[in-house]
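# Report on the structure
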Amino acid sequence: MHFRISKDTEMTPELLSEYITKHEALVMRKNKPLQEAYENRYKVFGMKKKAGWKPDNRISVNFAKYIVDTFNGFFCGIPIKTESDDQNVAGMLSFLDAYNDQDTNNAELAKLMDIHGSAHEMYYVDEQSELCITYLSPETSFFLVDDSILERPMYFVRYYWDSDNVLRGSWSDKTVVQHFYQNGSFRWDGEATTHFFSDVPATEYVSNDEQMGLFESALPMINAYNKALSEKANDVDYFADAYLKILGVKAEDQDMMHIRSNRVINFEGDIDKLPEVDFLTKPDADSTQEHLLDRLEELIFQVSMVPNINAEDFGATSGVALRYKLQSMSNLFRSKERRFTSGMQHRYKVLFSHPNAGTGENRVSPDDWVKIRYLFTPNYPANVADEAQTAAQLSGIVSHETQLRVLSFVDNPKEELKRIAQEEEQSAASLDIYNDLKLKKQTTETVEEEREE
């Protein structure tokens, strides 16, 4: 989420106030409804209450969370891998990922992208002088970019409300970080400090140019589904509490209690002149409601391009047929992979520019970010036997590393190749020891035989 300003614009408290106000208005209009939907706080719960004597059920089916979590599991259920042939870069990446718990950060970042269509990542140096990475929601952060066609980031702003309900935050440019707070107007909190990164220490990840969330187009249908389902529950309650109609005879209060308790209706008289007794009912729209719910559910998954993997006929599909059913989600995966790769390239470009980027053997230069490869693995249902057969058939056609990449249960092909080499060395060493012992035994037996002769 960003706003465009002139490239020579200087950050002032007045400018900060203006764009935080604009950002809050945009969040209320776009982001808040999306976040509330993911958290199962739909419009149906805020509808006007019905009269006290009417059933008033409020039921929601959290399609938004199901869609986001299903796709996020497909996208990074198998963690994103970063590799490099340069040992220094590989060591630095391994340390950064472990120190920042980056697999979790990537998963949360990807989830925010699916909900809001964009997400932010911020970089800083902690008390131990180590480089740190954290994700931020677009509800509490934004960029100010220049008005060129490239939209280069000029300022990154994040803000929050503290325990005293005071708005606080910080903004960063390419050189410094400045903290601020609001006390009637916005004021700087202390002096600006140099951050030593080569660029604004933050990255914007976007799912698409329109910054649309995964279920944003389907949200009106989700609201309609929840409303229809709630009304259907109201109809069930209505029929359970239907009024008893008795025409042609007056029922006393004691008779009514007897009918209610024992559920028996007994009137004396001529069978041809018995009173009319039945329940008041309203028109039944059950088939219409069911058809609407089925249609809405089908369209919700079609529009979001994420299949309902819990459908009855989904689990019985395998092989190429399963791939076709997952084709739309696979297309989303490839599109998001490109966007995420772009963000990660900027991440390491900024991090590697800091003077604290690695020490000793893991020391890296600012340009070493170009040596990184990013590996995304879609989390397809795995058939280990088929994978092993495919990998075996690739022998002699591709490298051993590429063979191992076919196997979904192999997390790091390079490490696996190292372990294979170590095992082969150990096996060779064991074989050499065995042969030496065997030779010594044969020699000893020969010497003894010669002595006996």
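Numbers given for residues are sequential positions, taken from 1 along each chain in its written order. Whole-chain, interface and lining totals are the exception, using all residues; otherwise, since this is a predicted model, local features are given only for residues with pLDDT of at least 70 and side-chain atom pairs are given and counted only at 80 or more. Each side-chain value is derived from all of the structure's non-hydrogen atoms; neither hydrogens nor water enter the calculation.

### Thoughts on the overall build of the protein
So the rule is basically this: Numbering of helices and strands starts at the N terminus; helices are DSSP runs of H or I of at least 4 residues and strands are runs of E of at least 2. Residue burial is assigned from relative accessible area. The probe radius is 1.4 Å, only protein chains are included, and a residue is buried under 20% of its type maximum, exposed over 50%, and partly exposed in between. The contact criterion used throughout is that any non-hydrogen atoms of two residues lie within 4.5 Å.
What the protein contains, in helices and strands, is twelve helices and 14 strands. Here the protein, with 453 residues, has 37% of them falling under the buried criterion. Within the protein, contacts between residues separated by at least 24 positions form 65% of all contacts whose residues are at least 6 apart in sequence.

### Some remarks on the sheet that holds strand β4 (residues 131-136)
Formally: At least two DSSP bridges between two strands are needed for those strands to be called paired. Lines are fitted to the C-alpha atoms to define the axes, a helix being fitted only along its stretch in contact, and any angle between axes, read from their N-to-C directions, falls within 0 to 180 degrees.
In space, the three strands of this open sheet follow the order β4-β3-β11, with antiparallel pairing throughout. Looking along the sheet, the strands with just one partner apiece sit at the ends: β4 and β11 (202-206). The mean angle between the axes of side-by-side strands here comes to 20 degrees, regardless of whether they run parallel or antiparallel. Helix α9 (residues 327-351) rests against β3 (118-125), β4 and β11 of the sheet, and its axis sits at about 175 degrees to β11.

### Points about the nonpolar core
Quick reminder of the rule: Buried Ala, Val, Leu, Ile, Met, Phe, Trp, Tyr and Cys residues that are joined via side-chain atoms within 4.5 Å together make up what is termed a nonpolar core.
Phe71, Phe75, Phe215, Phe340, Tyr348, Leu351 and Phe352 are the most contacted members of the largest nonpolar core, which has 59 residues in total. Every residue in contact with Phe215, bar those within four places of it in the chain, is listed here: Leu34, Ala37, Tyr38, Ala64, Ile67, Val68, Asp114 and Ile115. Counting 20 residues, the second largest nonpolar core, distinct from the first, contains Phe3, Ile5, Leu26 and Phe142.

### Quick notes on the side chain of Thr70
Its location among the elements puts Thr70 in helix α2 (residues 63-76). In contact with Thr70, not counting residues within four places along its chain, are Val306 and Ile309.

### Structural notes on the environment of Pro413
Inspection of the secondary structure assignment puts Pro413 in helix α12 (residues 413-452). Considering only alpha carbons, one finds Pro413 and Gln403, ten residues apart in sequence, at a separation of 8.7 Å. Every residue in contact with Pro413, bar those within four places of it in the chain, is listed here: Glu83, Glu401, Leu404 and Arg405.

### Section: the packing of α2 against α9
So the rule is basically this: Left-handed is the label given to a crossing in which the near helix is rotated counterclockwise from the far helix by less than a right angle, and right-handed is the label when the rotation is clockwise. Amino acids are sorted into nonpolar (Ala, Val, Leu, Ile, Met, Phe, Trp, Tyr, Cys and Pro), charged (Asp, Glu, Lys and Arg) and polar (every other residue, Gly among them).
Relative to each other, α2 and α9 sit at 65 degrees, their axes nearing to 10 Å. As for the relative orientation of α2 and α9, their crossing is right-handed in sense. Contact residues: Phe71, Asn72, Phe74 and Phe75 in α2; Met329, Ser330, Leu332, Phe333, Lys336, Glu337 and Phe340 in α9. Residues belonging to the contact of α2 with α9 are distributed by class as follows: seven nonpolar, two polar and two charged.

### What about α2?
To be explicit about the condition: Expected span of a helix: the number of residues minus one, times 1.5 Å.
Taking 1.5 Å per residue as the helical rise, α2 with its 14 residues ought to reach 20 Å, and the 20 Å between its terminal C-alpha atoms agrees with that figure. Burial analysis of α2 places ten of its 14 residues in the buried class, which makes it a mostly covered element. Three or more residues of α2 are buried, namely Phe63, Ala64, Ile67, Val68, Thr70, Phe71, Asn72, Phe74, Phe75 and Cys76.

### So, the packing of aromatic side chains
Selection rule: Note on aromatic pairs: the rings of Phe, Tyr and Trp (six-membered ring only in Trp) are paired at centre separations within 6.5 Å, and the planes decide the class, stacked below 30 degrees, edge-to-face beyond 60, tilted for the rest.
Counted by the stated rule, this structure contains 20 aromatic pairs. On the basis of an interplanar angle of 80 degrees and a centroid distance of 5.7 Å, the ring pair of Tyr159 and Trp161 is categorised as edge-to-face. What makes Tyr159 buried here is its relative accessible area of 3%. A relative accessible area of 42% means that Trp161 is categorised as partly exposed. Measuring from ring centre to ring centre gives 6.4 Å for Tyr348 and Tyr374, while their planes differ by 25 degrees; the resulting arrangement is stacked. Placement of the pair is Tyr348 in helix α9 and Tyr374 in strand β14 (residues 373-375), with a sequence separation of 26 residues. Here Tyr348 falls in the buried class, since its relative accessible area comes to 1%. Taking the relative accessible area as the measure of exposure, Tyr374 reaches 12% and is therefore buried.

### Points about the environment of Thr82
For clarity, the threshold we go by: What qualifies as a polar contact is a pair of N or O atoms within 3.5 Å, subject to a donor-acceptor requirement within protein and to the restriction that residues adjacent in sequence count only when both atoms come from side chains.
Counting through the fold element by element, Thr82 comes out in strand β2 (residues 81-83). With relative accessibility at 17%, the residue Thr82 sits in the buried group. Spatially, the C-alpha atom of Thr82 lies 6.3 Å from that of Leu375, the residues being 293 residues apart in sequence. There is a polar contact of 3.4 Å between the side chain of Thr82 and the side chain of Asp97.

### Some thoughts on the pattern of salt bridges
Applied cut-off: What makes a salt bridge here is a side-chain nitrogen of Lys or Arg within 4 Å of a carboxyl oxygen of Asp or Glu, nothing more.
Taken as a whole and judged by the stated rule, the model has 21 salt bridges. Arg41 is paired through a salt bridge with Glu36; the nearest N and O atoms lie 3.6 Å apart. The partly exposed category is assigned to Arg41, whose relative accessible area is 44%. Given the relative accessible area of 21%, Glu36 is considered partly exposed.

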